[in-house]
Amino acid sequence: MTVSEVQLKEALDSLKDTGVRITPQRHAILEYLINSMSHPTADDIYKALESKFPNMSVATVYNNLRVFREVGLVKELTYGDSSARFDFVTTNHYHVICQTCGKIVDFDYPALDEVEHFAAQVTGFNVSHHRMEIYGDCSDCAKKESH
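Rules behind the numbers
Residues numbered from 1 in each chain as written. Predicted model: local features only at pLDDT ≥ 70, side-chain atom pairs only at ≥ 80, totals over all residues. Heavy atoms only, no water. Helix = DSSP H or I, 4+ residues; strand = E, 2+ residues; numbered from the N terminus. Buried < 20%, exposed > 50% of the residue type's maximum accessible area, 1.4 Å probe, protein only. Contact = heavy atoms within 4.5 Å. Areas by Shrake-Rupley, 256 points an atom, 1.4 Å probe, with all protein chains shown as cover. Pairing = 2+ DSSP bridges. Axes fitted to C-alpha atoms, helices over the stretch in contact; angles between N-to-C directions. Parallel < 35°, antiparallel > 145°, perpendicular 65-115°, else oblique. Left-handed = near helix turned anticlockwise from the far one by under 90°. Nonpolar A, V, L, I, M, F, W, Y, C, P; charged D, E, K, R; others polar. Core = buried A, V, L, I, M, F, W, Y, C linked by side-chain atoms within 4.5 Å. UniProt positions renumbered as here; feature names shortened; annotations may be inferred. Salt bridge = Lys/Arg side-chain N within 4 Å of Asp/Glu carboxyl O.

Examining the overall build of the protein
Part 1: Each helix and strand in the protein was counted, giving six helices and five strands.
Part 2: What you see in the protein, going N to C, is helices and strands ordered as α-α-α-α-β-β-β-β-α-β-α.
Part 3: Counting across all 147 residues of the protein, residues that qualify as buried make up 31%.
Part 4: Looking at the protein alone, contacts between residues at least 24 apart form 49% of all its contacts between residues at least 6 apart.
Part 5: With the model as given, the accessible surface of the protein reaches about 9,500 Å², and the carbon-plus-sulfur share is 52%.

Let's talk about the sheet that holds strand E5 (residues 133-136)
Part 1: One open sheet accounts for three strands, arranged E4-E3-E5; its pairing is mixed. Across the chains shown, the open sheet's two edge strands, defined by having one partner strand only, are strand E4 (104-107) and E5. Each neighbouring strand pair of the sheet contributes to a mean axis angle of 25°, computed without reference to strand direction.

Quick look at the packing of helix H1 (residues 3-17) against helix H2 (residues 24-35)
Part 1: As a packed pair, H1 and H2 sit with axes 10 Å apart at the nearest point and diverge in direction by 140°. In terms of axis orientation, H1 runs oblique to H2. Judged by the twist between their axes, the crossing of H1 over H2 is right-handed. Only His27, Leu30, Glu31, Ile34 and Asn35 of H2 make contact with H1, whose side of the interface consists of Ser4, Gln7, Leu8, Ala11, Leu12 and Leu15.
Part 2: Tallied by class, the residues present in the contact of H1 with H2 amount to six nonpolar, four polar and one charged.

Side note on the nonpolar core
Part 1: Within the largest apolar cluster, 25 residues are counted, with the highest numbers of intra-cluster contacts made by Ile29, Leu30, Leu33, Val61, Leu65, Phe68 and Leu73.
Part 2: Here this core takes five residues from H2, the largest share from any one element.
Part 3: Sequence-distant contacts of Ile29, defined by excluding residues within four places in its chain, comprise Ile45, Leu49, Met56, Val61, Asn64, Leu65 and Phe68.

Things to note about the UniProt feature "binding site: Zn(2+)" (unreviewed entry) in the protein
Part 1: Following the UniProt record, the feature "binding site: Zn(2+)" (unreviewed entry) maps to Cys98, Cys101, Cys138 and Cys141 here. The largest pairwise C-alpha distance within this set of annotated residues, which runs over 44 residues, is 8.1 Å, so the set is compact in three dimensions.
Part 2: When you line up the elements, Cys98 lands in strand E3 (residues 94-98).
Part 3: For Cys98, the contacting residues outside a window of four places in its chain are Lys103, Gly136, Asp137, Cys138 and Cys141.
Part 4: Summarising the element assignment, Cys138 is placed in the loop between E5 and helix H6 (139-146).
Part 5: Residue class for Cys138 comes out buried when judged on its relative accessible area of 14%.
Part 6: In this view, Cys138 contacts Cys98, Cys101 and Lys103; residues no more than four positions away in its chain are not counted.

As for the pattern of salt bridges
Part 1: All told, the structure shown has three salt bridges when counted by the stated rule.
Part 2: The partner of Glu76 in a salt bridge is Arg69, with the nearest N and O atoms 2.6 Å apart.
Part 3: Residue classification places Glu76 among the partly exposed residues on the basis of a relative accessible area of 31%.
Part 4: According to the relative accessible area criterion, Arg69 is partly exposed, its value standing at 35%.

If you want it as structure tokens, here you go:
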């Protein structure tokens with residue numbers, strides 16, 4: 001079994017454990033998210049799967065993404081005014097975002113838990129989580145600018 005097949009099986013098992021019925025559309029959306037490294041929008045997912053599921057609506061995709069988010073399989077990434085993107089959650093990681101084309105790339109870095117502890121101490125907040133984003137130009141956009 002490949003890593004993505006194992007991830008899909010584990011994700012489907014966790015959905016079943018929470019009482020979520022596995023429909024062909026749910027299976028396909030989840031599989032697409034696991035195999036996609038591009039942090040797709042709901043529209044991207046819909047467009048990729050509409051030929052396979054001609055009766056599926058964008059609302060179906062959004063509803064399933066909401067279910068996946070509630071179960072903890074997917075993170076919704078919102079950046080400014082652009083459409084939310086969705087990330088299949090396997091590990092804690094951070095994102096580098098191209099400020100020109102919007103491409104998002106994962107990178108692993110040790111969790112910055114000490115920042116949360118420090119913020120809690122300084123502010124008295126009960127800190128639940130944090131998110132770090134790094135912005136720049138991806139190599140493709142940087143090449144275009146230099147020509």
